[in-house]
Amino acid sequence: MNKTIGILAHVDAGKTTFSEQLLYYTKSIKNRGRVDHKNAFLDSHEIERQRGITVFSDQGMFTYGDSSYYLMDTPGHTDFSPEMERGIQTMDYAIIIVSAVEGIEGQTETIWELLRKHQIPCFFFINKTDREGADVQQAVHDIRSNFTADACDITDSLFADGGMSEELIEYVAERDEALLNEYMEKGYSKDLWLNTLRRLIKTNKIFPYACGSALQGIGVESFLQNLDKLTITEYSSEEPFAGQVYRIRHDEHGTRITYIKGLSGSLKVRDTINYGDAENTVTEKITQIRLYNGRDYKAVDRVEAGQLFAVIGLTMTTVGDGVGALKERASYEMVPALKSKVIFEPKVNVKEALAYFNMLNAEDPSLNVTWEERLQQIHIHVMGHIQLEVLEQMVKERFSLNVTFDTPEILYKETITTDTIGCGHFEPLGHYAEVHLQLRPGERNRGITFQNACHADDLTLGNQNLIRHHLFEREHHGLLTGSPLTDVEVTLLTGKAHNKHTSGGDFREAAYRALRQGLEKASNVLLEPYYHFKIKVELDHIGRVISDIGQAHGSFDAPRSEGNKATITGTVPVATFMDYSSQLAAFTQGKGALSLTFAGYDRCHNEQEVIEMIGYNKDADAQYTSSSIFCAKGQGYTVSWEEAEAKMHALK
């Protein structure tokens, strides 16, 4: 049985140490490394060893019982959350490490929310029970009050033969009506209870936890025994091959390595597989298959469903692609809220540097590397300052390129608050296309959505699909700051083509103009990124915290008190709160706790100030125009957006 398990935690909770113990107990590695000793097997990159944190998701392999395990060790620092989320989507089961000393911390909450979104079954390991200040019961209380009331203790209640303590027997029975009836009528049956517990864990009804010390090896081996008993997967190797790309890397020679989670079927060297969408399907041959254990790998001839593996031969894959029989792309929630400009030495060839950054962008799509032709600048999107420091070091090591980064700026977005209809016409000599779109405000943080109300008598289905494709092939600029447009429902109403003259990108031009013309008529607003915050301080400090939140233009729920501590939650703009952790630490003498998670976008608190600061000129945007082009007497001429609607052909 192939099983992928993921190890996740807030930074310094003991995640990598726990992973090392699993690999050691299963004889996958000969010696247990430690992060502080800079010799951890899964923190193999020099940057990770220097900094003492996990930066890149890495994987190990081991066998235990009758199963082959693929272990995914993910970053714990919030700056590398996109890397963590990509790893999460490969997992059959997750293990969250919670420190018995610090309890639930900020990144732990982000992890939990992502696991719930992707419906990954989850175990908890309460770590550092040997440390001074450890409070297991408080950690359990935090899990049950913050995450799930259905956390059950398996530390000493699940026996080697699969039997259970009386407490666990009743706990399981209470969560399954059929099992409870069986218990009342016939009593306990070991196999039935064990199979039911497996099912309840797999369907996210029960979340087991155990306690121990990863550093001292206490409780890790028994946890692994229980994990093996309680986890099941049901992959089929008989169906057509399907897989999902979860990582892309390049070796020292620049060879592209595509990492895939096999979901069904099997794959052999020299097989050809398809990927990409229906309009841009790519077919390529697999020239090598690798199974990775840390930085080491072995080449194999065949892999099957449930395995994590890497292939050589795919040249155009992107992270999240479905390959083979899987056509759907994975979607990711963790997106950066900051952008920064890359600063080079004068002697650097900028286009060569862009090629390097595009390589990094293939490995981490959240960077969203863009080339600003007008400014001759490379811009990237980032999660925070630590990520920029790591990137600077990585670019130096991999490409021998000295770069720095400008101070990160907030990534704004734009949307509309009123309904409107936009029209676009593109008819220079020898070309013809017309598009009519209805624009409506969409649900917040849903992005741009598309509906089709166009009749086939007006446009062929092929042209209708072409318009949809063009609307989603790139980000669209808003009118206020040129920031990406979002949260808009776009409906294709009608359009027009010409049997002879419609060709190439005519519908792209018409669709872009229609969208832009609609924006000109709508009420536009600026959006900024927000944090969900959770602050825990002594009661004496709650007044100061509430005042700070108000000054930061945040909103909050009524504070909750427990003993001499108060907890306050709410939302606040990233721009005003990104550096608050240092302020909180200063006035609470390090005793205050702050967790921040990305809450999406909402109305900008200082819209006019930002618009003036950015100074975007909507009429000078070379990539967009809201005017239309018509043709008369064999010559095309431009009509401004205000007058274009009266000339549209589809309205006549």
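About the criteria used
- Residues numbered from 1 in each chain as written.
- Predicted model: local features only at pLDDT ≥ 70, side-chain atom pairs only at ≥ 80, totals over all residues.
- Heavy atoms only, no water.
- Helix = DSSP H or I, 4+ residues; strand = E, 2+ residues; numbered from the N terminus.
- Buried < 20%, exposed > 50% of the residue type's maximum accessible area, 1.4 Å probe, protein only.
- Contact = heavy atoms within 4.5 Å.
- Areas by Shrake-Rupley, 256 points an atom, 1.4 Å probe, with all protein chains shown as cover.
- Lys, Arg positive; Asp, Glu negative; His and termini not counted.
- Charge placed at Lys NZ, Arg CZ, Asp CG, Glu CD.
- Polar contact = N/O pair within 3.5 Å; in protein donor to acceptor, adjacent residues only side chain to side chain.
- Phe/Tyr/Trp six-rings, centres within 6.5 Å; stacked < 30°, edge-to-face > 60°.
- Lys NZ or Arg CZ within 6 Å of the ring centre and 35° of its normal.
- Axes fitted to C-alpha atoms, helices over the stretch in contact; angles between N-to-C directions.
- Parallel < 35°, antiparallel > 145°, perpendicular 65-115°, else oblique.
- Left-handed = near helix turned anticlockwise from the far one by under 90°.
- Nonpolar A, V, L, I, M, F, W, Y, C, P; charged D, E, K, R; others polar.

What is the right way to read the overall build of the protein from this model?
What the protein contains, in helices and strands, is 18 helices and 34 strands. In terms of its C-alpha atoms, the protein occupies a principal-axis envelope of roughly 90 × 65 × 65 Å. In the protein, which comprises 652 residues, the proportion classed as buried is 53%. By sequence separation, contacts in the protein at least 24 residues apart represent 72% of the contacts at least 6 residues apart. Per element, the accessible surface of the protein, about 29300 Å² overall, is 46% carbon and sulfur. Of note, the protein has its 66 positive side-chain charges centred 4 Å away from the centre of its 92 negative side-chain charges.

Would you take a moment to explain the environment of Tyr70 for this structure?
Its location among the elements puts Tyr70 in strand β3 (residues 67-73). Residue classification places Tyr70 among the buried positions, given a relative accessible area of 3%. Measuring from C-alpha to C-alpha, the distance between Tyr70 and Asp506 comes to 49 Å, with 436 residues separating the pair along the chain. When near neighbours in sequence (up to four residues on either side) are disregarded, Tyr70 contacts Asn2, Lys3, Thr4, Ile5, Gly60, Met61, Gly306, Gln307 and Leu308.

Teacher, can you tell me more about the side chain of Thr502 here?
By the secondary structure assignment, Thr502 is in the loop between β27 (488-496) and α13 (506-521). Among the polar contacts listed, one links the side chain of Thr502 to the backbone nitrogen of His498, at a separation of 2.6 Å. Among residues more than four places away in sequence, those in contact with Thr502 are Tyr432, Ala497 and Phe507.

Which parts of the structure should I look at to understand the packing of aromatic side chains?
Between two aromatic rings, the relevant description is the distance of the centres plus the angle of the planes. Here the structure, examined in full by the defined rule, presents 24 aromatic pairs. Considering the side-chain rings of Tyr292 and Tyr297, the 5.2 Å spacing of their centres and the 45° angle between planes classify their relative orientation as tilted. Residue Tyr292 is classed as buried on the basis of its relative accessible area, which comes to 7%. We note Arg290 situated over the ring of Tyr297; from NZ or CZ to the ring centre the distance is 4.0 Å.

What's the story with the packing of helix α6 (residues 166-173) against helix α8 (residues 190-202) in this structure? I'm lost.
Two quantities define a packed helix pair, namely the angle between the axes and the distance from one axis to the other. Following both chains from N to C, one finds α6 and α8 inclined at 55°, their axes separated by 10 Å at the closest point. Judged by the inter-axis angle, α6 sits oblique to α8. By crossing handedness, the relation of α6 to α8 is classed as left-handed. Contacts from Leu168, Ile169, Val172 and Ala173 of α6 reach α8 at Trp193, Thr196, Leu197 and Leu200. Per-class residue counts for the contact of α6 with α8 are seven nonpolar, one polar and no charged.

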